[in-house]
Amino acid sequence: MPTKIEKDTATGRMTTGHEWDGIKELNTPLPKWWLYVFYACIAFSAVWVVLYPGIPLGTTYFKGVLGYSTRVEHAENLAAVEAGRADILAKIRTTDVADILKDPETATYAVAGGRVAFAENCAACHAAGGAGQAGYPALGDDDWLWGGDIHAIRQTLLHGIRSATDADTRTSQMPAFGEILDRNQIQTVATYVLSLSGAADPAPAVKTEGAQIFADNCASCHGETGHGGRDFGAPNLADQVWLYGGSLEQITAQVAQPRHGVMPNWGGRLDDATINMLAVYVHSLGGGE
Ligand code: HEC
Ligand code: HEC
C-alpha cells in the first residue's frame, strides 16, 4: 500500500513510499557507474545489430550493413593457407632433394609431410618410423643395402627394388645356391658368414673351406670381406644386422633359396613432391649420408 515518501530515521535514506505490514522500503539507487555501463551496452548493441548479421527474417536473415560472415572469413583464411602450401609444395617438387636439405625451412616442412606419407604408404612394410621388421630393412640405421645418400634414397623410392612394373628398378639376383653347392658346402659357408660378425667360431679347417667357398661364390656381390656391395644391394654380412635373421638355419635357408625382396616403385603412384618429402624424411631418420 503506497504511503508517503519520507526520510528513514535509522539510515538517513529516503524511502520509496512502499510499505508492507509496517516494513518500509528504502530507496537505494543503482550506482551511477553501473548505470552508464548499462546504457553504453544498449547503445553498443543497437549499433552492432545494424552493422552485423543478427536479425532472423523468415528463412534468411538481415546480413548487416558490413556484410560480414564467418564463413567468408574462414574461406579467405583457408585460401591463404592453401596458397602458402601450394608455394612450398611447388618448391619441394622442383628443388633437387640435396638442396632441400640445405634449406632448413623447406626441409622441416618436407620431413613433416614425409612423415604423414610414410605412415600411409610405407609403415605397413617398414614398420612405424621405419624401424623395420624381418624381411623389411630398418631405414633409421646406417646399414644401407642400396645407399643412404639422399639421391640414392630418392632413386630407390622412385623406381623400387626388383619391381616388376618399372624398367629402371634396382635389381640383382642372389643365385639359389641350393642348386649350385651341396648341403655341406652351404652349411660351411653359412658358418663362415656367421664368423664374420663374431657370432660363430668355427674350427680352422671349416673356416678355411668356408672362406674359399665365399671367395668363389659370394665375394663378387658381398665383397671380399663380406662387408656388402651396394651395386647389387648385397647386405653387409659382417655386422649383426640381419634382414632375414641371423641364426644358422636362417642363413642356410637364404643361401639355398634367396628371398629376392621386392620394394614397390612409387614413381607414378605418388606425386614428385611427395616422393621428395619421403626421401628427405627417410634421410632424416638417422642413417642419412
Ligand atoms: C610391400 C612392402 C614395402 C613397402 C610398402 C615399402 N617398402 Fe621399402 N623396401 C621393401 C623391401 C622388401 C626392401 C628391401 C629390398 C631388398 O632386398 O633390397 C625395401 C627397401 C627400401 C629402401 C632401401 C633401403 C636400403 O637399405 O637401401 C628404402 C629407402 C625404402 N625401402 C623406403 C620405402 C619407402 C619410403 C616406402 C613408402 C613410400 C616403402 N619403402 C614402402 C618393402 C617395402
Ligand atoms: C648376385 C649377387 C649375390 C651373390 C653372388 C650372393 N649374394 Fe647373398 N645376397 C645378395 C642380395 C641382393 C641379398 C639381399 C636381397 C634379397 O635376397 O632379398 C643377399 C642376401 C644374403 C643374405 C641375407 C642377409 C641378411 O641380412 O639377412 C645372406 C646370409 C647371404 N646373402 C649370403 C650369401 C652367400 C653365403 C653367398 C655365396 C654362397 C651369397 N650370398 C652370394 C646378393 C648376392
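Just so it is clear, the structure is predicted and the values come from calculations on it, not from any experiment. (Residues numbered from 1 in each chain as written. Chains lettered and ligands numbered in written order. Predicted model: local features only at pLDDT ≥ 70, side-chain atom pairs only at ≥ 80, totals over all residues. Heavy atoms only, no water.)

**Points about the UniProt feature "domain: Cytochrome c" (unreviewed entry) in the protein**
As annotated in UniProt, the feature "domain: Cytochrome c" (unreviewed entry) corresponds to residues 109-197 and 205-286 in the numbering used here. Here residues 109-197 is 46% helix and 0% strand, with 40 Å between the C-alpha atoms at its ends. Helix makes up 48% of residues 205-286 and strand 0%, and the two end C-alpha atoms of the span are 41 Å apart. (UniProt positions renumbered as here; feature names shortened; annotations may be inferred. Helix = DSSP H or I, 4+ residues; strand = E, 2+ residues; numbered from the N terminus.)

**Considerations on the packing of helix α2 (residues 70-94) against helix α11 (residues 272-284)**
The interhelical angle for the contact between α2 and α11, taken along N-to-C directions, is 75 degrees, at an axis separation of 8 Å. Between α2 and α11, the angle is such that the two are roughly perpendicular. On the side of α2, the interface is formed by Leu89, Ile92 and Arg93, while α11 contributes Asp272, Ala273, Asn276 and Met277. Along the lines of polarity and charge, the residues of the contact of α2 with α11 split into 4 nonpolar, 1 polar and 2 charged. (Axes fitted to C-alpha atoms, helices over the stretch in contact; angles between N-to-C directions. Parallel < 35°, antiparallel > 145°, perpendicular 65-115°, else oblique. Contact = heavy atoms within 4.5 Å. Nonpolar A, V, L, I, M, F, W, Y, C, P; charged D, E, K, R; others polar.)

**Looking at the coordination of the iron atom of ligand 1**
Surrounding the iron atom of ligand 1 are the protein donor atoms His126 (NE2) and Met263 (SD), at 2.0 to 2.1 Å. Bound by 6 donor atoms, the iron atom of ligand 1 shows angles of 86 to 180 degrees at the metal and therefore octahedral coordination geometry. Taken together, the residues span a long stretch of sequence, with histidine 126 in helix α5 (residues 123-126) and methionine 263 in the loop between α10 (248-256) and α11 at a distance of 137 residues. Across the pair, methionine 263 and histidine 126 agree in class, each one buried. (Donors = N, O, S within 2.8 Å, 3.2 Å for Na, K, Ca; no water. Tetrahedral: all angles 85-135°; square planar, octahedral: opposite > 155°, others 65-115°. Buried < 20%, exposed > 50% of the residue type's maximum accessible area, 1.4 Å probe, protein only.)

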